[in-house]
Amino acid sequence: MKYTFPILNLSIGGAQRMLAELVNGLAQRGHSVTVLMPPGEPIQYPLRARVIRSSGASITPADFPKSDVIVSNFYTTVPAAQLASQQGKGVHVRLSLCYEPTFLPHSPLSFPSYHATPNLLVLSTWQQKIIQLNHGIRGHIVPVGVSPSYRNLGIRRPEGPPHIAAILRKPEGGFSWHRDQDTLIQALIEVKNRFPYVMVSLFCPPGELATSSSLQNLASTGQFRVLTPKDDVEMCYHYNEAHIFVSSSTYDAASLPGLEAMKCGAALVTVYSGGNADYCRHEVNCLMSYRYENRLAHNVLRLIQDPALRAMLAREGESEASRWTWERSVNAFEAAVLRILQGIPAP
């Protein structure tokens, strides 16, 4: 089958990772896959597909090659994809990697973009319900996955001071408010005040640390160990250093870092963010709380003081994360597209 994916950029991030893994998985299975991008936009993930660039700064219907399926994603890719589809260049299927209207700017544009096509793929049960409630469209679920590069290396020492890790993204620009990073920092400071010997590592994408005065100011305080892993190998190693991984995000269609940390054997302390409910079970494989409860620091402290609980959650979390593979994601994507082309509703 011929696929065209209009993609704005492939910089480091969960949504871009999902796109790259699906593109590569489909290409590996013999599908003809084309990635259409604006000129000059970065590609920071290896791609096995053909990459073409739009003729101008924005993607237009004229830039699309003829294919069987056009897979749009972010709301700004939808209008051109829909027009190209109407011109006979392929069936338009939208892969919604996040539900933009409720947490990103320009909701008067992003909300009606969900009325362009009934052919919808989503990442989680929570996201499926939100879009069905707001637009009457039930999306087919294509779950996220975890790369085999992420695994438990067996280097974590149960004795000694616990090591805590979290991810920080660039706050400038308004695209990370939902991560509630101020609350995360406050919680980690509270933990450090209670147990000064605890090591806390913060992971930042290298490019974001280099261009963010907020992240640079935080790094300069010396309160935390700030790291900039450049690839999966380094990220896996740092996940493996951590006994506890902390996530403060309040709104995610899915949440890759928590799964990756679990796969590497870290115990997860997280805030409920919607999409993570598909793999998080409180006191079974993680400690999860709602944001209004203000229990992030409390739950980290609980795991510092209860090594047995920490070890149990880490074991169960690693077992759960092992089910979330990119092969499973590609299987679900292929099956969902086939159902769409056959006119079969989402289950």
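In what follows, the structure referred to is the one given above.
This is a predicted model, so every value here is computed, not measured.

Enquirer: Let's hear about the pattern of salt bridges: which residues, and what values?
Expert: Per the counting criterion, the structure on display carries 11 salt bridges. Glu21 is paired through a salt bridge with Arg17; the nearest N and O atoms lie 2.8 Å apart. One end of the pair is Glu21 and the other is Arg17, both in helix H1 (residues 14-28) and 4 residues apart, which spans about a single turn. A residue is classified by how much of its surface remains accessible, and Glu21, at 18% relative accessible area, is buried.

Enquirer: Residue-level account of the nonpolar core, with values.
Expert: Counting 55 residues, the largest nonpolar core has Tyr3, Phe5, Val144, Tyr239, Phe245 and Phe333 as the members making the most contacts within it. Counting residues per element, this core draws most heavily on helix H12 (residues 326-341), which supplies 7 residues. Of all hydrophobic cores here, the second largest spans 32 residues; its members include Leu168, Leu215, Phe224 and Ala297.

Enquirer: Go over the pairing of strand E8 (residues 163-167) with me, naming the residues and quoting the values.
Expert: Within E8, 5 of the 5 residues are buried, which leaves it mostly tucked inside the rest of the structure. In this fold, E8 hands off to helix H5 (residues 181-194), which returns the chain to strand E9 (residues 199-203); that crossover is right-handed. Here E8 runs beside strand E11 (residues 244-247); their pairing, made up of 3 bridges, is parallel. Counterpart to Ala166 in the pairing with E11 is Val246.

Conventions we followed
In this convention, every chain numbers its residues from 1, walking through the sequence in written order. Local features in this predicted model are restricted to residues whose pLDDT is 70 or higher, and side-chain atom pairs enter the listing and the counts only when it is 80 or higher, whereas totals over whole chains, interfaces and linings include all residues. Note: side-chain values were computed over all heavy atoms of the structure, leaving out hydrogens and water. In the sections that follow, a salt bridge refers to a side-chain nitrogen of Lys or Arg positioned within 4 Å of a carboxyl oxygen of Asp or Glu. Helix numbering and strand numbering both begin at the N terminus, where a helix is a DSSP run of H or I of at least 4 residues and a strand a DSSP run of E of at least 2. Exposed residues in this analysis have more than 50% of their type's maximum accessible area, buried residues have under 20%, and partly exposed residues fall in between, with area computed by a 1.4 Å probe over protein chains only. Here the nonpolar core consists of buried residues drawn from Ala, Val, Leu, Ile, Met, Phe, Trp, Tyr and Cys, with membership extended through side-chain atoms lying within 4.5 Å. With its strands directed away from the observer, a crossover is right-handed exactly when the path from the first strand over the helix to the second travels clockwise. Here, any two strands with at least 2 DSSP bridges between them count as paired.

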